Amino acid sequence: PRRAAAVAARAAAAAPAAAAAPIGVAASFVAPAGQGLGFYTGEGDGYLYCDEKRVEDIRAEVAASPQSTPGPFYLYSQARITANYRAYQSALEGLDHIIGYAVKANNNLKVMQHLQALGSGAVLVSGNELRLAAAAGFDPRRTIFNGNGKLPAELAQAAEHGVLVNVDSEFD
C-alpha cells in the first residue's frame, strides 16, 4: 500500500508537466520558446527549436548562405553536445580517465573539433579514422585505437603518432 501511494504521488506530480506538452510530444522535449537545450518544441508557439533558434529560421539561414547547396543538411545542437560532455566530465571527476569520442559514430569535422576543444580524446577503429582525428586536432596521447583486424600499416601509423593501441588479439 505504501509503495502504491508513492507511485501514485509521483504520477500525480508528473501529470501537470505532461498536460502542458503538445499532443505526441514528451514533456521533457518542451521548453519556453528560445530558452531550451538541444532540440525541443517551443512552449506556446509549437515551433521546433535547436538551442535558442527556431529550426525554420536556421533552415532559411542555410538556404541563404552563399556556401549552401540545395537540399537537406545536418543540424546538431552544440549546447547539447557540450552539456553531455560536461556530464561525463563531472561524473568522472577525481578519476584518471579519458573521455573518448567514437569517431565512427559521426565523423563530422566540426563536431569532432568542438569535442576536441572541450578536451575529449578520440576512439578509433581504422587508419582513416586516425587521419580524421588528426585533422580535427585530437591529442594522440588521448586517442585510443581499438578493434580487431588492425592492418600493419595502420598500427605503424598509430605508433608514429603516439596513439594508445588496444591489443585485442595476437594478430595486433
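So, a few notes on the structure that sits alongside this text.

The rules behind the values
- Residues numbered from 1 in each chain as written.
- Predicted model: local features only at pLDDT ≥ 70, side-chain atom pairs only at ≥ 80, totals over all residues.
- Heavy atoms only, no water.
- Phe/Tyr/Trp six-rings, centres within 6.5 Å; stacked < 30°, edge-to-face > 60°.
- Buried < 20%, exposed > 50% of the residue type's maximum accessible area, 1.4 Å probe, protein only.
- Lys NZ or Arg CZ within 6 Å of the ring centre and 35° of its normal.
- Helix = DSSP H or I, 4+ residues; strand = E, 2+ residues; numbered from the N terminus.
- Arc of directions from axis to C-beta.
- Contact = heavy atoms within 4.5 Å.
- Pairing = 2+ DSSP bridges.
- Right-handed = clockwise from strand over helix to strand, strands pointing away.

**Thoughts on the packing of aromatic side chains**
Enumeration according to the criterion identifies 2 aromatic pairs in this entry. The interplanar angle of 15° and the centroid separation of 6.3 Å between the aromatic rings of Tyr-74 and Tyr-76 together place this pair among those described as stacked. For Tyr-76, a relative accessible area of 32% gives the class partly exposed. Arg-54 extends its terminal NZ or CZ atom over the ring of Tyr-47, reaching a point 3.9 Å from the ring centre. Geometry around Phe-145 places Lys-150 over its ring, the cationic atom sitting 5.8 Å from the centre.

**Regarding helix 6 (residues 152-161)**
Of the residues making up helix 6, those classed as buried are Glu-154, Leu-155, Gln-157 and Ala-158. Each buried residue of helix 6 lies within a common arc of 160° when the element is viewed along its axis, so the set occupies one face. For helix 6, exposure combined with an orientation more than 90 degrees from the buried face picks out Pro-152, Ala-153, Ala-159 and Glu-160. Where helix 6 is buried, its residues touch helix 5 (127-136), strand 7 (143-145) and strand 8 (164-165). Positive backbone phi, approximately 80°, marks Gly-162, located one or two places after helix 6.

**Quick word on the pairing of strand 6 (residues 121-124)**
Regular strands show a simple pattern: their side chains alternate between the two faces of the sheet. Direction of pairing for strand 5 (residues 100-102) relative to strand 6: parallel, over a ladder of 3 bridges. Within strand 6, the residue paired with Gly-100 across the bridge is Gly-121. As a crossover connection, the stretch from strand 5 through helix 4 (residues 109-118) into strand 6 is right-handed. Sheet topology places strand 6 next to strand 7; 3 bridges connect them, and they run parallel. Across the sheet, the residue bridging to Ala-122 is Thr-143, located in strand 7. You can see the chain leave strand 6, run along helix 5 and come back into strand 7, and the turn it takes is right-handed.

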